[in-house]
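# Architecture at a glance
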Amino acid sequence: MTIRKKLVVIGNGMAPGRALERLLEKAPDAYEITIFNAEPRVNYDRIMLSPVLSGEKSYEDILIHDDAWYAEHGLTLKKGCKATAIDREKKQVTGADGSVVDYDKLLIATGSSPFIIPIPGKDLDGVLTYRDLDDVEAMLEAAKSGGSAVVIGGGLLGLEAAAGLKERGMDVTVLHLMPTLMERQLDTAAGYLLERAIEARGIKVRTAANTHEIIGEDRVEGVRLDDGTELPADIVVMAVGIRPNGDLARDAGLEVNRGIVVDDAMQTSDPDILAVGECVEHRGTAYGLVAPLYEMAAVVADRLQDGSATYTGSVTSTRLKVTGIDLFSAGDFAEGKDREEIVLRDATNGVYKRLVIQEDKLIGIVLYGDTKDGAWFFQLMRDGASIEEMRETLIFGQNYAGGSPLDPTAAVAALPDDAEICGCNGVCKSKIVGAITEHGLTSLDEVRARTKASASCGSCTGLVEQLMAFTLGDGFVPDAVQPMCGCTDLSHDDVRRLIVAKELKSIPAVMQELEWKTSCGCAKCRPALNFYLVADWPGEYEDDYQSRYINERVHANIQKDGTYSVVPRMWGGMTSSQELRAIADVVDKFGIPSVKVTGGQRIDLLGVPKENLPAVWADLNAAGMVSGHAYAKGLRTVKTCVGTDWCRFGTQDSTGLGVKIEKMMWGSWTPHKVKMAVSGCPRNCAEATCKDIGVICVDSGYELHVGGAAGMHIKGTEVMCSVETEAEALEYCAAVVQLYREQGRYLERIYKWMDRVGLDAIREQVVEDEAKRTALFEKFLYSQRFAQKDPWAERVAGKDAHEFAPMNRIAMREAAE
Amino acid sequence: MNELSPTSTEPKAQHWFTIGRLSDIPRRGARQVLLPRGPIAVFRTQTDEVYAIDDKCPHKGGPLSQGIVHDGAVTCPLHNWVIDLQTGDAMGADQGCVRTYEVRKDADGLVSVSLSGGSGKTE
Ligand code: SRM
Ligand SMILES: Cc1cc2nc3c(=O)[nH]c(=O)nc-3n(C[C@H](O)[C@H](O)[C@H](O)COP(=O)(O)OP(=O)(O)OC[C@H]3O[C@@H](n4cnc5c(N)ncnc54)[C@H](O)[C@@H]3O)c2cc1C
Ligand code: SF4
Ligand code: FES
């Protein structure tokens, strides 16, 4: 009998488990094998820990190799015995129990360890990680008495832990540093759907949350965030990432970067030592999923039999194992000019699919809600198969692949007569088809009027139109709607209606629920959506500055040379010696090249470099001046004349009213800019009759005008009504602006809105309907509570500091080529 | 602000300048890096791709770093040309091209840019 070579394995996780299996299949007697395992147990399926945590499986269900298997194959498994040293000279491994084992070949498979964020309190009792069965047992113990758990990390592991703990009856909050969950695997649309699904199971999610410290005496009591929020917690689970275990190898003098460096033969820098699993770094990559580890394991098994197999790296894909949530992602899903994307969104069923294609090949996949084609797409991606032939139907999956392009009317034709088309109004297919044929309906509006289908939230409009096309054939000409932009077929009005009806409160929410055709919108729709959300959800929606045009993002007007202009407010056109002196000082101090009196009764400082803006604002703030919003789709100026204060014809205090209006209205965001004026008598020196809203003071009170403009089209105002008191004038003006905020399309001036809806409709709501007017006024004031913060002062205090400083400078010498 | 020196010891063909962290750039946003010959704009997309191009629109020199970033493109703040960040080409009907630079980010989130060689097109 030949003397068998000795193989020692350090670590008993999934990767070496697979390697040994493969080795024993082919060459059962090649080696005498000893395994060191720090964990006091056999090899089990680590990725199934989540079902054990949630109670769907038991530990026994997830065993890969039981004790009998080791016995049968004659392996020595040293359970609970950590390897503490490798002596490469003597070719020996020392265990924690003092034992020393010789090897001819050594396989290192030490896996990786959870990363612990170095914050105060990280060592308290009750701070857990999520890696092995001990962690699961500790979590189950804590969950017995209920209480609350905070999970730090909204990646795969964190979400699985959260779902499991929730299942076990704990009150769970997930904290995630980034704005969307699983941002490494998902784009924002899928991240949004995931967040909704997680919240729907009662788990709280806080994104963009940075943990400051874990609080507690000797046990965890809670978590404090950077913004000062404190969350109570009986346990804290840290699931923020993993780090390959390379210490033992490093101590033995092997080459270790992020992980233990191996070549394509899975060999370390010592020819007799191989490594496998999460502890290795291959061609610069350390993997954290089993599929690539299994590919490595096959190569290891072959090499241990003196084979010549090579490992050349893997393409990985991710799935989340939380029951009821289907998501799949793989590859590279960033955008790029030479890349093309196919997006399919089905809001009703919560489905989102996105394929990224480059040179006719699939290179990225994100699937949410319907992942059944994940494996098929993934195979196409890994094979680098050309998708040219099936581009049209690719997104519909394998069943449609290669078939003829889908006929949308065929889908509705196939629906049974009693299929519900309009959920809001409970209208079924036969009712719509019946109404169309019976009454000879040909337009969507007629169908809406007759049947109520798509008359509420409107999300079934597309289906109704398809039914009309199916019933009327070529006789159906769909209403021409002007879509917002190329990213959607919906008009501005439809989008606004749906934002309210479906309570959509973020841009990703709108894009998903309204089935946007691009992943991230464009420069046309993003600013519009941002405005609609700001206007519709005051106090709830967080302004997305990256979706604002530069002027509104940095609160100054960009000029042709890239510098900015600064226009401080001069309430009602009034100023003072102090203000003028402060302006003069600022001009001198910063060497501002131009100072101009604007057409809006105030002063413009032109030619300020961006970096100087905060300092210029700080000085203006110190003299009591705030942003004039000369850059805003919002209230610009309220021009006034001198009125009863000085003028021999003045009938009312036009200056005073102008100042009051401006103080009430400043800071408000509107579909387009709003300019106002108050003249003290019909001579109208403040030019109130060519403003969006104008007030002409008369002996008996105030004449209120709307819908003027003096830009590209000169347009005189129309009189809306007359009121007697200043208080009424203020209330009516605010009510009109609020109505415009709710109905105006983005970039539609008041006069265009008025042309569209009619002055009568505005009068009906603002003048004749007192309850409506009061409600509009109150809504306006409510939203002003959030809007009236001087944006300059906020930025002087440090907000958005990144906007005003270059990221870096590269000096002359080094940048010279 | 620091004066930077090359951070790599690679042969002189390509110097990588570390310019900061990925987190210094807002998602769907950009920052400027100042050079004696004019600023370059470093962009970060929604999906954390990073691109660097001259901060100068091929139309009339508008500062592209100030535009709205959508997908892999930026819309110039002055007259709305749309520039592809990867190639530097104007998209749609507009004709023009801006120089691009190679960028890399490492595992710790540091972003470096190479001013020479690379995929850059000449001005
Ligand atoms: C500074 C100023 C000219 C001046 O030196 O007097 C000015 C300057 C600009 N106007 Fe104006 N307008 C200025 C008063 C006006 C007026 C007069 C008024 O407000 O009484 C009008 C006619 C009234 C009206 O709006 O109906 C006016 C009608 C326009 C228009 C045409 C709007 C339209 O719907 O037709 C534009 C273009 C636009 O907004 O799309 C425009 C756009 C601009 C822009 C923002 C052009 C741009 O996009 O860069 C200019 C910005 C300069 C800057 O950076 O400061 N400006 N502009 C005035 C600033 C007033 C203020 O204190 O805020
Ligand atoms: C909760 C959870 C869910 C997961 N879900 C998925 C999933 O859905 N899909 C997927 O692909 N992947 C998933 N993973 C990742 C997957 O489990 C790992 O990639 C895989 O288990 C790594 O295998 P390994 O053999 O390299 O290391 P490990 O399984 O980590 O094994 C390493 C072993 O070595 C032991 N050890 C370390 N140092 C020593 C030493 N000095 N001496 C002796 N023993 C030592 C450790 O105690 C450990 O038992 C999940 C992981 C976790 C924790
Ligand atoms: S009139 Fe034209 S050039 Fe003059 S400020 Fe207005 S937009 Fe600019
Ligand atoms: S300068 Fe960029 S579009 Fe004109």
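Moving on, we get to the overall build of chain A. Helix and strand counts for chain A come out as 27 helices and 41 strands. Put simply, chain A has 817 residues, and 53% of those count as buried. The long-range fraction of contacts in chain A, counting pairs at least 24 apart against all pairs at least 6 apart in sequence, stands at 61%.

To continue, consider the pairing of strand β24 (residues 327–331) of chain A. Residue and element names in this part refer to chain A. In terms of burial, β24 is largely enclosed, as 4 of its 5 residues are buried. In this sheet, β24 lies alongside strand β23 (residues 317–319) in antiparallel orientation, the contact comprising 3 bridges. Counterpart to T318 in the pairing with β24 is S329. Sheet analysis places β24 next to strand β27 (residues 361–368), joined by 5 bridges and oriented antiparallel. Residue pairing for β27: A330 is matched across the bridge by I365.

All names here are of chain A. Inspection of the region around ligand 1 gives 20 residues, with Q559, T598, G599, R602 and K673 positioned closest. Contacts to ligand 1 include D604, whose side-chain N or O atom sits 3.1 Å from an oxygen atom. K691 places a side-chain nitrogen or oxygen 3.3 Å from an oxygen atom of ligand 1. Those elements giving two or more residues to the shell around ligand 1 turn out to be β34 (635–640) and β38 (709–710). Residue composition of the shell around ligand 1, by class: 3 nonpolar, 9 polar and 8 charged.

Right, let's get into the nonpolar core. Residues and elements named next belong to chain A. Counting 150 residues, the largest nonpolar core has I33, L165, L194 and W516 as the members making the most contacts within it. At 8 residues, the largest contribution of residues to this core is made by helix α16 (residues 525–536). Filtering out sequence-adjacent residues up to four positions away, I33 remains in contact with L7, V9, L20, L23, L24, L75 and T76.

The next subject is the pattern of salt bridges. All names here are of chain A. Considering all chains together, one arrives at 50 salt bridges over all chains under this definition. The partner of K505 in a salt bridge is E540, with the nearest N and O atoms 2.7 Å apart. Here E540 lies in the loop between α16 and α17 (550–554) and K505 lies in the loop between α14 (492–501) and α15 (507–513), a separation of 35 residues in the sequence. A relative accessible area of 29% means that K505 is categorised as partly exposed. Sharing partners across several salt bridges, the network here consists of E39, R41, R46 and D134.

Residues and elements named next belong to chain A. What the 5 strands build is an open sheet, ordered β23-β24-β27-β26-β25; its pairing is antiparallel. Lying at the two open borders of the sheet, with one neighbouring strand each, are β23 and β25 (339–346). Strand-to-strand, the axes of this sheet are offset by a mean angle of 15°, without reference to chain direction. Against the sheet, helix α9 (residues 374–383) engages β23, β24, β26 (351–358) and β27, with an angle of about 160° to β27.

Each partner contributes to the interface: chain B provides 49 residues, whereas chain A provides 47 residues. Of the roughly 4100 Å² buried between chain B and chain A on both sides combined, carbon and sulfur atoms contribute 57%. Where chain B packs against chain A, one counts 1 salt bridge. Across the pair R28 of chain B and D544 of chain A runs a salt bridge, and its minimum N-O distance is 2.8 Å. Taken together, the links from chain B to chain A amount to 17 residue pairs in polar contact (both at pLDDT 80 or more). Those elements that place two or more of their residues in the side of chain B that touches chain A are β1 (16–21), β2 (29–34) and β5 (68–70) of chain B. Residues that form the side of chain B that touches chain A fall into these classes: 20 nonpolar, 16 polar and 13 charged. Across 2 bridges, strand β41 (residues 808–809) of chain A lies against β2 of chain B in parallel orientation. Bridging across to β2 of chain B, N808 of chain A finds its partner in V33 of chain B.

The next thing to look at is the confidence of the model for chain A. Summing up the model confidence of chain A, the mean pLDDT is 90 and the portion of residues at 70 or higher is 96%. Confidence drops under pLDDT 50 across residues 402–406 of chain A; counting only partners more than four residues distant or on other chains, this segment forms 8 contacts.

So, about the sheet that holds strand β4 (residues 50–54) of chain B. A sheet is described by the order of its strands in space; here 7 strands give the open sequence β41(A)-β2(B)-β3(B)-β4(B)-β8(B)-β9(B)-β1(B), paired in mixed fashion. Of all strands in the sheet, those bounded by a partner on one side alone are β41 of chain A together with β1 of chain B. Across 4 bridges, the pairing between strand β8 (residues 100–105) of chain B and strand β9 (residues 110–114) of chain B is antiparallel. Among the inter-strand pairings, E102 of chain B is bridged to a residue of β9 of chain B, identified as S114 of chain B.

A word on the environment of K204 of chain A. Residue and element names in this part refer to chain A. Here K204 shows up in strand β14 (residues 204–206). Between the C-alpha atoms of K204 and T173, which are 31 residues apart in sequence, the distance is 4.5 Å. Beyond its immediate chain neighbours, meaning those up to four positions away, K204 contacts D171, V172, T173 and V174. A distance of 3.0 Å separates polar atoms of two side chains, one belonging to K204 and the other to D171.

With that out of the way, let us pick up the side chain of S679 of chain A. Among the structural elements, S679 of chain A can be located in strand β35 (residues 674–679). Residues within four places of S679 of chain A in sequence aside, it is in contact with C641, S654, N684, C685, A686, E687, A688, V695, I696 and C697 of chain A.

The next subject is the packing of helix α22 (residues 726–743) of chain A against helix α24 (residues 759–768) of chain A. All names here are of chain A. Two elements in contact, α22 and α24, have axes separated by 10 Å at closest approach and are oriented at 135°. Of the possible angle classes, the one that applies to α22 and α24 is oblique. You can see that α22 and α24 cross each other, and the crossing is right-handed. Between α22, through Y732, A735, V736, L739 and Q743, and α24, the contact on the second element is made entirely by I762, Q765, V766 and V767. Residues that form the contact of α22 with α24 fall into these classes: 7 nonpolar, 2 polar and no charged.

A separate point is helix α19 (residues 613–622) of chain A. Counting along an α-helix, one turn takes 3.6 residues, and residues three or four places apart therefore face a common direction. All names here are of chain A. Listed as buried for α19 are L613, P614, V616, W617 and L620. The arc enclosing the buried residues of α19, seen along the axis, measures out at 160°, which places them on a common side. Considering only its buried residues, α19 is in contact with α17, β31 (564–566), α18 (577–590), β33 (603–608) and α26 (791–796). Phi for G624, located one or two positions after α19, is positive at around 90°.

Residues and elements named next belong to chain A. If you walk through the whole model with that rule in mind, you get 12 aromatic pairs over all chains. Pairing W617 with W792 gives two aromatic rings, centres 5.4 Å apart and planes at 5°, and the pair type is stacked. Of this pair, W617 sits in helix α19 while W792 sits in helix α26, and the two are 175 residues apart along the sequence. W792 sits in the buried class, given a relative accessible area of 1%.

Let's shift gears to the environment of S269 of chain A. Residues and elements named next belong to chain A. Examined against the element boundaries, S269 turns out to sit in the loop between β20 (260–262) and β21 (273–275). Between the alpha carbons of S269 and V256 there is a distance of 9.1 Å; along the sequence they are 13 residues apart. Each residue touching S269, except ones within four places of it in the same chain, is listed here: L254, E255 and V261. Of the polar contacts made by the side chain of S269, one reaches the backbone nitrogen of E255; its length is 3.0 Å.

Attention now moves to the packing of α22 of chain A against helix α25 (residues 770–787) of chain A. Residue and element names in this part refer to chain A. As a packed pair, α22 and α25 sit with axes 8 Å apart at the nearest point and diverge in direction by 80°. Taken together, the axes of α22 and α25 are roughly perpendicular relative to one another. Of α25, the residues touching α22 (which contributes L730, E731, Y732, A734, A735, V737, Q738, L739, R741 and E742) are K772, R773, T774, L776, F777, K779, F780 and S783. Taken together, the residues of the contact of α22 with α25 sort by class into 9 nonpolar, 3 polar and 6 charged.

Rules and cut-offs
- Residues numbered from 1 in each chain as written.
- Chains lettered and ligands numbered in written order.
- Predicted model: local features only at pLDDT ≥ 70, side-chain atom pairs only at ≥ 80, totals over all residues.
- Heavy atoms only, no water.
- Helix = DSSP H or I, 4+ residues; strand = E, 2+ residues; numbered from the N terminus.
- Buried < 20%, exposed > 50% of the residue type's maximum accessible area, 1.4 Å probe, protein only.
- Contact = heavy atoms within 4.5 Å.
- Pairing = 2+ DSSP bridges.
- Near = heavy atom within 4 Å.
- Polar contact = N/O pair within 3.5 Å; in protein donor to acceptor, adjacent residues only side chain to side chain.
- Nonpolar A, V, L, I, M, F, W, Y, C, P; charged D, E, K, R; others polar.
- Core = buried A, V, L, I, M, F, W, Y, C linked by side-chain atoms within 4.5 Å.
- Salt bridge = Lys/Arg side-chain N within 4 Å of Asp/Glu carboxyl O.
- Axes fitted to C-alpha atoms, helices over the stretch in contact; angles between N-to-C directions.
- Buried area = accessible area lost by both parts, 1.4 Å probe.
- pLDDT = per-residue confidence, 0-100.
- Parallel < 35°, antiparallel > 145°, perpendicular 65-115°, else oblique.
- Left-handed = near helix turned anticlockwise from the far one by under 90°.
- Arc of directions from axis to C-beta.
- Phe/Tyr/Trp six-rings, centres within 6.5 Å; stacked < 30°, edge-to-face > 60°.

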